[in-house]
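# Chain and residue survey
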Amino acid sequence: QVQLVESGGGLVQPGGSLRLSCAASGSIFSYYNMGWYRQDPGKQRDLVAAITSRGSTNYADSVKGRFTISRDVAKNTVYLQMNSLKPEDTAVYYCAADRAGLFVSWGQGTLVTVSE
């Protein structure tokens, strides 16, 4: 069973930066794609950024040029560096592991609030 634990959320002013971390329970990056998703209350959970098992990345159009997904294989951790944050980036952020589109694990979520 893959376990994922997010951290790094918080309150930040518009234009600021945060780095989210997602620690995995084992060495899973060779087998699973990893993604960051976000969800507003009452809305669907949307993909923000993903990194495949081979290291390819993709981003939602709304965060391109501002967010960067990366991973540290030695630490079994995936990161989401978020720069130039906007109020509309406010959401609960989740990391997830999937293989061929089948999700195997979700983290508990971490709240990011962008406000004055």
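In this text the structure is predicted, and so the values were computed from the model without any measurement. Along each chain, numbering runs from 1 in the same order as the chain's sequence is written. With the structure being a predicted model, the display of local features is reserved for residues of pLDDT at least 70 and the display and counting of side-chain atom pairs for 80 or more, all residues being used for whole-chain, interface and lining totals. Side-chain measures were taken over the full set of non-hydrogen atoms in the model, leaving aside hydrogen atoms and water.

### Overview of the state of the cysteines
- Whenever a pair of cysteine sulfur atoms sits within 2.5 Å, that pair is classed as a disulfide. Per the stated rule, a full pass over the model turns up one disulfide.
- Disulfide pairing places Cys-22 opposite Cys-95 at an S-S distance of 2.0 Å. On the sign convention where negative is left-handed, the bridge of Cys-22 and Cys-95, at about 55° about the S-S bond, is right-handed. Placement of the pair is Cys-22 in strand β3 (residues 18–24) and Cys-95 in strand β9 (residues 91–99), with a sequence separation of 73 residues. Secondary structure follows DSSP: runs of H or I at least 4 residues long count as helices, runs of E at least 2 residues long count as strands, and numbering of each begins at the N terminus.

### What about the pairing of strand β8 (residues 77–82)?
- Across the six residues that make up β8, a large majority, five, are buried.
- Pairing between two strands requires that DSSP report at least two bridges joining them. In terms of strand pairing, β3 meets β8 through six bridges, oriented antiparallel. By the bridge assignment, Leu-20 is partnered in β8 with Leu-80.
- Pairing geometry for strand β7 (residues 67–72) and β8, over six bridges, is antiparallel. Along β8, the bridge assignment pairs Phe-67 with Met-82. Throughout this description, buried means an accessible area under 20% of the type-specific maximum (1.4 Å probe, protein chains only), exposed means over 50%, and partly exposed covers the range between.

### As for the layout of surface pockets
- Lining residues are defined by having an atom within 4 Å of a point belonging to a cavity or pocket. Those points lie on a 1 Å grid over the protein atoms alone, cavities being sets where a 1.4 Å probe fits but cannot get out and pockets being open sets with protein on both sides within 12 Å along at least five of seven lines. Grid points are joined across faces, edges and corners, and a volume is the space filled by probe spheres set on the points. By volume, the largest pocket is sized at about 160 Å³.
- Forming the walls of the largest pocket are 13 residues, and the residues nearest its centre are Arg-38, Asp-40, Gln-44, Asp-46 and Glu-88.
- Of the residues assigned to the lining of the largest pocket, the class counts are five nonpolar, three polar and five charged. When residues are sorted by character, Ala, Val, Leu, Ile, Met, Phe, Trp, Tyr, Cys and Pro go into the nonpolar class, Asp, Glu, Lys and Arg into the charged class, and all the rest, Gly among them, into the polar class.

### Focus on unusual backbone geometry
- Of note in the backbone geometry, Asn-76 takes a positive phi value of approximately 55° without being a glycine.
- Its location among the elements puts Asn-76 in the loop between β7 and β8.
- Asn-76 gets classed as buried once you look at its relative accessible area, which sits at 16%.

### With respect to the pattern of salt bridges
- Take a side-chain nitrogen of Lys or Arg and a carboxyl oxygen of Asp or Glu: if they are within 4 Å of each other, that pair is a salt bridge. This model, assessed by the stated rule, comprises three salt bridges.
- A cluster of three or more residues bridged by salt bridges with shared partners is formed by Arg-38, Arg-66 and Asp-89.

### Some remarks on the sheet that holds strand β1 (residues 4–7)
- The four strands are arranged β1-β3-β8-β7 in an open sheet whose pairing can be described as antiparallel. At either end of the open sheet lies a strand with only one pairing partner, and these are β1 and β7. Pairwise comparison of adjacent strand axes, ignoring direction, gives a mean angle of 15° for this sheet. A fitted line through C-alpha atoms represents every axis, and for helices the fit uses only the stretch in contact; the resulting angles, taken between N-to-C directions, go from 0 to 180 degrees.

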